Amino acid sequence: MDKTENEVPFFVPWITEEDRKAVLEVLSSRWLTGGPKAKEFEKLFTTYTGAKYSVSVSSCTAALHLAMRALNIGPKEEVIVPVLTFAATANAPLFVGANPVFTDIDEKNFNISPKQIEERITKKTKAVIVVHYGGQPCDMKEIMEIAEDHNIEVVEDCAHALGALYQGKNVGTFGAVGCFSFYPTKIITTIEGGMATTHDKNFADRLQLLREHGMTKTAYARENNASWYYDVVDLGYNYRMNEVQAALGISQLKRIDEINEKRKEAARYYTQKLNGIEGIVVPNEEEDRTHLYHLYAIRVLREKFGIDRNELFKRLSAKGIAPSVHFTPLHLLTFYKEAGYGKQSFPVAERISKEIMSLPLFPTISRAQIDFVAKEIAENCKSKKLGK
Ligand SMILES: Cc1ncc(COP(=O)(O)O)c(C=O)c1O
């Protein structure tokens, strides 16, 4: 069956009439990239997250790369990363010739284990990139204390977690830099796109410079100042977010509370439906933080449930339900294995990654769709015990 015909797709982007209007308006304007919309989006993002500065970029991957450059991380240095994440988290240090040091996760929330961060710090460690897995913040208090004790930087990979709070404070405002993604399945979308947040003005300036070829003045600034001259003072990139993306981002960000409320509501309903099914472990919510459920990742315990994750995945797919898996531990993927990272062992991530399955979840998912997914899961349980 074509994936687009699934009864319950993994994700459906939520694009409104307002979003469409915002995009069309830009297409009739004079600045299609590097103009006022990106600046407006940055300002709004700063207000929303409480970060002091926001720098819009072409993707979260670009934000992570710029973070490594702006922190002056380079060859022979080490950056600690969780092993259960998307490739981009570990690729950022590799882009600058540094070594990603993979680290195991906590079983209770699939986030990087603070204890293991500490164990992996060496003289070469410059930074740790923490990932707020699935939209639930890491133990930021503990992580910031470890980082301060050992004088290393913290980069927050917030790709899943725009709007998530840890002890009342937004993710992306704890470390030196926060990196956000607006890929279509993420909390808000600009189709492709990202943002870097920071509380340091010089750091924000450096990110901006590197985003635009290392040029001292953008085309927009040159036209507005009636001056043609610019210098190139660093090795930069073209990591700009264009004006169409920014306009869509502004429109989406304006209704982020509604988006996140709908996600949380859908997650609560899933939990209510799945809680009683033997062998299914629903996501754990820590007390001192919000979970936004970019991912609703259940665990399938084969012994109790009767079949394993892969078999359940196949059976759900056959019924028109499209789950997903986040993630295969990176050291088990070909590129990292061939680069010499494959011989290590991360017992928690290795075990959990065989059990996890992300269920379809998007702001417009209906209760009937969740009922259907829950019913199909329950029917495959050996005890046939239905949830509530
Ligand atoms: C944890 C994590 N970090 C980074 C990224 C990269 O985001 P982008 O696609 O915006 O580059 C992703 C994308 O899925 C992700 O899941």
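Calculation notes
- Residues numbered from 1 in each chain as written.
- Predicted model: local features only at pLDDT ≥ 70, side-chain atom pairs only at ≥ 80, totals over all residues.
- Heavy atoms only, no water.
- Helix = DSSP H or I, 4+ residues; strand = E, 2+ residues; numbered from the N terminus.
- Rg over C-alpha atoms; globule rule 2.2 N^0.38 Å.
- Buried < 20%, exposed > 50% of the residue type's maximum accessible area, 1.4 Å probe, protein only.
- Contact = heavy atoms within 4.5 Å.
- Near = heavy atom within 4 Å.
- Polar contact = N/O pair within 3.5 Å; in protein donor to acceptor, adjacent residues only side chain to side chain.
- Areas by Shrake-Rupley, 256 points an atom, 1.4 Å probe, with all protein chains shown as cover.
- Nonpolar A, V, L, I, M, F, W, Y, C, P; charged D, E, K, R; others polar.
- Salt bridge = Lys/Arg side-chain N within 4 Å of Asp/Glu carboxyl O.
- Pairing = 2+ DSSP bridges.
- Axes fitted to C-alpha atoms, helices over the stretch in contact; angles between N-to-C directions.
- Patch = residues over 30% accessible without salt bridge, like charges linked within 9 Å, V, L, I, M, F, W, Y side chains within 5 Å.

Undergrad: Hey, could you run me through the overall build of the protein chain in this one?
TA: Each helix and strand in the protein chain was counted, giving 15 helices and twelve strands. What you see for the protein chain is a C-alpha radius of gyration of 21 Å, in line with the 21 Å of a compact globule of 388 residues. Seen through its principal axes, the protein chain has C-alpha atoms that stretch 75 × 55 × 40 Å. Out of the 388 residues belonging to the protein chain, those deemed buried represent 56%. Taking the intrachain contacts of the protein chain between residues at least 6 apart in sequence as the baseline, contacts between residues at least 24 apart amount to 72%.

Undergrad: Can you help me understand the site of the ligand in this one?
TA: In the vicinity of the ligand there are 15 residues, among which T61, D157, H160, S181 and K186 approach most closely. Here C60 contributes a backbone N or O atom positioned 2.9 Å from an oxygen atom of the ligand. Contact between the ligand and K186: an oxygen atom at 2.7 Å from a side-chain N or O atom of the residue. Expressed as a share of its isolated accessible area of 390 Å², the protein-covered part of the ligand is 90%. Elements that contribute at least two residues to the shell around the ligand include exactly α3 (60-70) and α4 (87-95). Split into classes, the residues belonging to the shell around the ligand amount to six nonpolar, seven polar and two charged.

Undergrad: Where do I start with the pattern of salt bridges in this structure?
TA: Should their charged atoms come close, side chains of opposite charge can pair. Applying the stated criterion across every chain yields a total of 31 salt bridges. Among the ionic pairs, E286 bridges to K108, the shortest N-O distance being 3.8 Å. Of this pair, E286 sits in the loop between β10 (280-281) and β11 (296-300) while K108 sits in the loop between β3 (99-103) and α5 (114-120); the two residues are 178 residues apart in sequence, bridging distant segments of the chain. Among the residues examined, K108 registers a relative accessible area of 40% and is labelled partly exposed.

Undergrad: Teacher, can you tell me more about the sheet that holds β11 here?
TA: Across a sheet, strands are paired by hydrogen bonds formed along the backbone, either parallel or antiparallel in direction. An order of β10-β11-β12 is seen for the three strands of this open sheet, with the pairing classed as antiparallel. Where the open sheet ends on each side, the last strands, each with one partner, are β10 and β12 (356-359). Where β10 meets β11, two bridges bridge the pair, whose relative direction is antiparallel. Paired with V281 across the two strands is R299, which belongs to β11. Packing against the sheet, helix α12 (residues 309-318) makes contact with β11 and β12, and its axis sits at approximately 25° to β12.

Undergrad: Quick question: what am I supposed to make of a nonpolar patch on the surface here?
TA: Side chains of L24, L27 and L32 sit close together on the surface and give an oily, nonpolar patch of about 300 Å² of accessible area. If you trace the backbone, L32 turns up in the loop between α1 (17-27) and α2 (36-49).

Undergrad: What's the story with the environment of R211 in this structure? I'm lost.
TA: Mapping R211 onto the fold places it in helix α7 (residues 201-211). Expressed as a C-alpha distance, the spacing of R211 and Y341, which sit 130 residues apart in the sequence, is 30 Å. In this structure, R211 is in contact with E42, V55, S56, V57, L66, Y237, N238, Y239 and R240, ignoring residues within four places of it in sequence.

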